[in-house]
Each structure stands twice: as structure tokens, then as C-alpha cells.
Amino acid sequence: MGNKVSEFGKTSKGKIAHIYTLVNGKGMALEVTDYGATMVSILAPDAKGRSKDVLLGYDDVQDYEQGTCYFGAIIGRNGNRTKDAQVVIDGHVYQMEKNEGENNLHSGSEGYSNIIWDASVDEDGNSVSFHHVGADGEQGLPGTFDITVTYTLTMENEVKIHYEGISDKDTIANMTNHGYYNLAGHAAGKIEDHILWLDADAFTPVGQGMIPTGEILPVEGTPMDFRAAKSIGADIEADYEQLKIAGGYDHNFALDKKTKGVEKVAEVSESTSGRTMEVYTDLPGMQLYTGNFIVKEEGKEGAEYTKRNGVCFETQYFPNSINIPSFESCLLKAGDTFTSTTIYKFC
Ligand code: BGC
């Protein structure tokens, strides 16, 4: 299908990173690097069939090593914030890295966004798989964790991300992808005009350190309500404590899932390009993050990204769920297989 592999520069440790390009003959192309199993670009057609790169990212692997935004990366074993960087599993306390104040964010410096994965391409499936065996104690967590992340570009213009992992001890499996989207093009500026529909009746408010308080609050009557589509910017500056704390949206939404299977949970569109992206997942939650903390990043092709230039839809178990008994747990039992699928579909 014209898929290819090319070099993507050398990491600071002297390892050569690669870019895997998948195409589908329908105007879409996906580039993924083995560094962080990171999506580097998504070329997606607009209403007139003209393709543009809609994903924020960098030109070289060293920029990814230095970046702090997790552009396009796979996050694991444990996404989002963990209070005091501590987890209790089977009565043992495990200490993760405190990489954001007292807390852990996105698994710390040994997180999966910072490693080189083993890659293999499946031409027939139009997919590339990334494999990693995490040692017992990696990131401070128990269990040897054997994890594979597969990206498939389908003929239906879907980027499908499938996770499959197994551990020999009870551990955490809460993986996500941290793509920042701008449907007008990665260098097009603010995303506030994007129209968003989100199938979530509730969200998990945050307190100190942006750790969930444990409550699950209805979105009804608040700026968090996207059940009727509205622009991301419509209420983003509202005088609402949760938005003030995060400088915009940076919250986990409790998805209104009907089944445990993969369902459509969000739709985002941009009127000047006519591009629409749908999000499907089998997970209970999704972090809507509007890029509030992007200060000034030199991105691909000389682009400069600043605050709210991209929006993330990070499907996940609720943040800190391992420490909050009322949240569905991301605990993976020894010998059980963790599987999860998230799809970003371009229409
Ligand atoms: C978090 C943000 C954080 C960003 C980059 C998101 O998942 O919710 O608060 O700034 O990741 O680290």
C-alpha cells in the first residue's frame, strides 16, 4: 500500500529512532515513531478531499525527548495524575516518581512516552505494532508487564489504537494516547472554535494538584456540559472554579457508555476545513485537555504552538482510580490480559 519506514534522528542516548508511515489510498496517512510509540502526524482529508496534518508534533526525535507536552505519545503504564505518586496494590505501597509536585503524572521519566519500542509492521493489516517488556519494578510498579500497542489505519479513515498486555503480578494498566488535534491543521492556531459533542453526563472534579476529589458531578447546568454540541471556547472562560483551576478544560469525563464495548463517545468538527473527527472507546473515562499549559513549543515545519493550539481526547480509567475505591479500578490481575481499543475516525 506504499507504507514505509524511515529514520527519525538519534536519541540523546545514541539510538536511532524510526518513523513508520501507513497510508490507506483514501487521502489519509499516519506517521508513528518507535520513540514513545508516538503518533507524529495524521494527514486527514477536508470536505474537498484536500489532506492536511491535523496533529501537533515535532520534526525530530530529540525534540520529543525534550518536550514536556507528551505530543502524540503513548502513556503508560498509568496515565494521568496519581496522588502522592503512591499506589497500594495487594496491601503493598508502591512509590512512583514524584514528577509533578508531590504527585505522579503520566508515569514519570520511565514512562512509555520515553522509551524506544520494538516495532513490527503488518502490511496486510495496514498496521504497525510496538512491543515492550517492562521489568518488575519499572516506574516503581510491580510485575513484568508485556505490552503491545498496535496502530491500524483502516480504509474507513480510522486510526485504531489497540492495547494488549499481561503481567506476572497484579499491577496497573491505564494506557492512553496523548495526541493533540487541530482539525484546521496542526499550525492553525487556537482550537476554541472547534465544535464538540461529548457523551458524558458527569465529570470528576479536581482539587489540589489537580487530583480528582472522588466526586462524580453531573455536567448539567455547568460549562462542562457538551451533550448538546457547542464550541470548545463557548464557556471556557466562564467564572467556574474547575475551569479556573485548570486554565480551561483539563478534566476527566465519565462517559455515558451503554456497554463495555467500543462506542462512539465524542465528535469534534471544524467549520473552515469541514473536517470532523469521531472518538470511540471501550474505556469508562476521557480526559478533555484543551492545551492550556502549552507555553511556546517549536513544532513541525517551523510551526509555533501556544496555549490552546490543540485539543486532546485521552481515553482512560478515571485518574487516580487505583486509590479511589468508588472509581472503576485500573488494576490488572496477574495472568489476566488487559485489552483496550480507541479509535479516532476522520469524516
Ligand atoms: C494533563 C495536563 C497536562 C498534559 C501534559 C494532560 O493529560 O491532563 O494537565 O498538562 O497532560 O502533561
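Now for a look at the structure at hand. Treat the numbers as computed from the prediction; the structure is a model and nothing was measured.

1. With respect to the overall build of the protein chain
Right, on to step 1. Scanning the protein chain from terminus to terminus reveals 2 helices and 30 strands.
Right, on to step 2. The globule rule puts the C-alpha radius of gyration for 347 residues at 20 Å, and the 19 Å found for the protein chain is close to it.
Right, on to step 3. Its C-alpha atoms give the protein chain principal-axis dimensions of about 55 × 50 × 40 Å.
Right, on to step 4. Out of the 347 residues in the protein chain, the part that is buried amounts to 58%.
Right, on to step 5. Look at the contacts in the protein chain between residues 6 or more apart in sequence, and 64% of them connect residues 24 or more apart.
Right, on to step 6. Surface accessibility of the protein chain: about 13500 Å² in total, with carbon and sulfur atoms responsible for 49%.
Right, on to step 7. The distance from the centre of the 29 positive side-chain charges to the centre of the 52 negative ones in the protein chain is 3 Å.

2. Digging into the nonpolar core
Right, on to step 1. Among the nonpolar cores identified, the biggest contains 67 residues, and Ile 42, Tyr 151, Phe 313 and Phe 346 are the most heavily contacted of them.
Right, on to step 2. When residues of this core are assigned to their parent elements, the largest contribution, 5 residues, is made by strand S13 (residues 145-153).
Right, on to step 3. With near-sequence residues (within four places) excluded, Phe 346 lies in contact with Met 28, Ile 42, Ala 44, Val 54, Glu 156, Asn 157, Val 159, Tyr 181, Leu 183, Thr 276 and Met 277.
Right, on to step 4. Counting residues in hydrophobic clusters, the runner-up holds 17 residues, among them Ala 17, Ile 19, Tyr 305 and Cys 312.

3. As for the site of the ligand
Right, on to step 1. Close to the ligand lie 13 residues, the nearest being Arg 81, His 106, His 178, Asp 250 and Glu 314.
Right, on to step 2. Gln 287 has a polar side-chain atom sitting 3.2 Å from an oxygen atom of the ligand.
Right, on to step 3. At 2.6 Å from an oxygen atom of the ligand is found a side-chain nitrogen or oxygen belonging to Glu 314.
Right, on to step 4. Look at the ligand: alone it shows 300 Å² of surface, and the protein chains cover 95% of it.

4. Digging into the pattern of salt bridges
Right, on to step 1. This model, assessed by the stated rule, comprises 18 salt bridges.
Right, on to step 2. One salt bridge in this structure joins Arg 227 and Asp 201, with 3.5 Å as the shortest N-O distance. Here Arg 227, found in the loop between strand S20 (217-218) and strand S21 (230-231), pairs with Asp 201, found in strand S19 (residues 200-204); they are 26 residues apart in sequence, far enough to count as distant.
Right, on to step 3. With its nearest N and O atoms 2.5 Å apart, the salt bridge here joins Lys 264 to Glu 267.
Right, on to step 4. Accessibility expressed as a relative area gives 26% for Lys 264, which makes it partly exposed.
Right, on to step 5. It is possible to trace a salt-bridge network through shared partners that takes in Asp 201, Glu 220, Asp 225 and Arg 227.

5. Brief notes about the pairing of S19
Right, on to step 1. A large share of S19 lies buried, amounting to 4 of its 5 residues.
Right, on to step 2. Here 4 bridges tie S19 to strand S22 (residues 250-255), and the two strands are oriented antiparallel to one another. Following the sheet pairing, Phe 203 is matched in S22 by Phe 253.
Right, on to step 3. Alignment of S19 against S20, held across 2 bridges, turns out to be antiparallel. Bridge assignment links Phe 203 to a residue of S20, and that residue is Leu 217.

6. A look at the packing of aromatic side chains
Right, on to step 1. Applying the stated criterion across every chain yields a total of 15 aromatic pairs.
Right, on to step 2. Here the aromatic rings of Phe 8 and Tyr 64 are separated by 5.9 Å at their centres, their planes lie at 50°, and the arrangement is tilted. You can see Phe 8 sitting in strand S1 (residues 4-10) and its partner Tyr 64 sitting in helix H1 (residues 61-66), a full 56 residues away along the chain.
Right, on to step 3. Under the relative-accessibility criterion, Tyr 64 is labelled buried at 8%.
Right, on to step 4. Look at Phe 130 and Tyr 151: their rings are 6.1 Å apart centre to centre, the planes differ by 80°, and that puts the pair in the edge-to-face class.

7. Details of the sheet that holds S13
Right, on to step 1. Spatially, S11-S12-S13-S14-S30-S24-S23-S18-S21 is the arrangement adopted by the 9 strands of the open sheet, whose pairing is antiparallel. Since the sheet does not close on itself, it has two edges, and those belong to strand S11 (118-122) and S21, each with one partner.
Right, on to step 2. Relative to strand S30 (residues 337-346), strand S14 (residues 158-167) runs antiparallel, the two sharing 9 bridges. Paired with His 162 across the bridge in S30 is Thr 341.

8. Description of the environment of Asp 146
Right, on to step 1. Secondary-structure assignment places Asp 146 in strand S13.
Right, on to step 2. We classify Asp 146 as partly exposed; its relative accessible area is 30%.
Right, on to step 3. Asp 146 sits 186 residues away from Leu 332 along the chain, and the two C-alpha atoms are 12 Å apart.
Right, on to step 4. The residues touching Asp 146, leaving out its near neighbours within four places in the chain, are His 131, His 132, Val 133, Glu 164, Gly 165 and Ile 166.

9. Topic: the side chain of Asn 292
Right, on to step 1. Here Asn 292 is to be found in the loop between strand S25 (285-289) and strand S26 (297-298).
Right, on to step 2. Assessed through its relative accessible area of 7%, Asn 292 is described here as buried.
Right, on to step 3. At a separation of 3.0 Å, a polar atom in the side chain of Asn 292 contacts the main-chain carbonyl oxygen of Tyr 249.
Right, on to step 4. A polar atom in the side chain of Asn 292 sits 3.3 Å from the side chain of Arg 308.
Right, on to step 5. Sequence-distant contacts of Asn 292, defined by excluding residues within four places in its chain, comprise Ala 246, Gly 247, Gly 248, Tyr 249, Asp 250, Lys 307 and Arg 308.

Criteria and cut-off values
- Residues numbered from 1 in each chain as written.
- Predicted model: local features only at pLDDT ≥ 70, side-chain atom pairs only at ≥ 80, totals over all residues.
- Heavy atoms only, no water.
- Helix = DSSP H or I, 4+ residues; strand = E, 2+ residues; numbered from the N terminus.
- Rg over C-alpha atoms; globule rule 2.2 N^0.38 Å.
- Buried < 20%, exposed > 50% of the residue type's maximum accessible area, 1.4 Å probe, protein only.
- Contact = heavy atoms within 4.5 Å.
- Areas by Shrake-Rupley, 256 points an atom, 1.4 Å probe, with all protein chains shown as cover.
- Lys, Arg positive; Asp, Glu negative; His and termini not counted.
- Charge placed at Lys NZ, Arg CZ, Asp CG, Glu CD.
- Core = buried A, V, L, I, M, F, W, Y, C linked by side-chain atoms within 4.5 Å.
- Near = heavy atom within 4 Å.
- Polar contact = N/O pair within 3.5 Å; in protein donor to acceptor, adjacent residues only side chain to side chain.
- Salt bridge = Lys/Arg side-chain N within 4 Å of Asp/Glu carboxyl O.
- Pairing = 2+ DSSP bridges.
- Phe/Tyr/Trp six-rings, centres within 6.5 Å; stacked < 30°, edge-to-face > 60°.

Geometry only, nothing functional implied.
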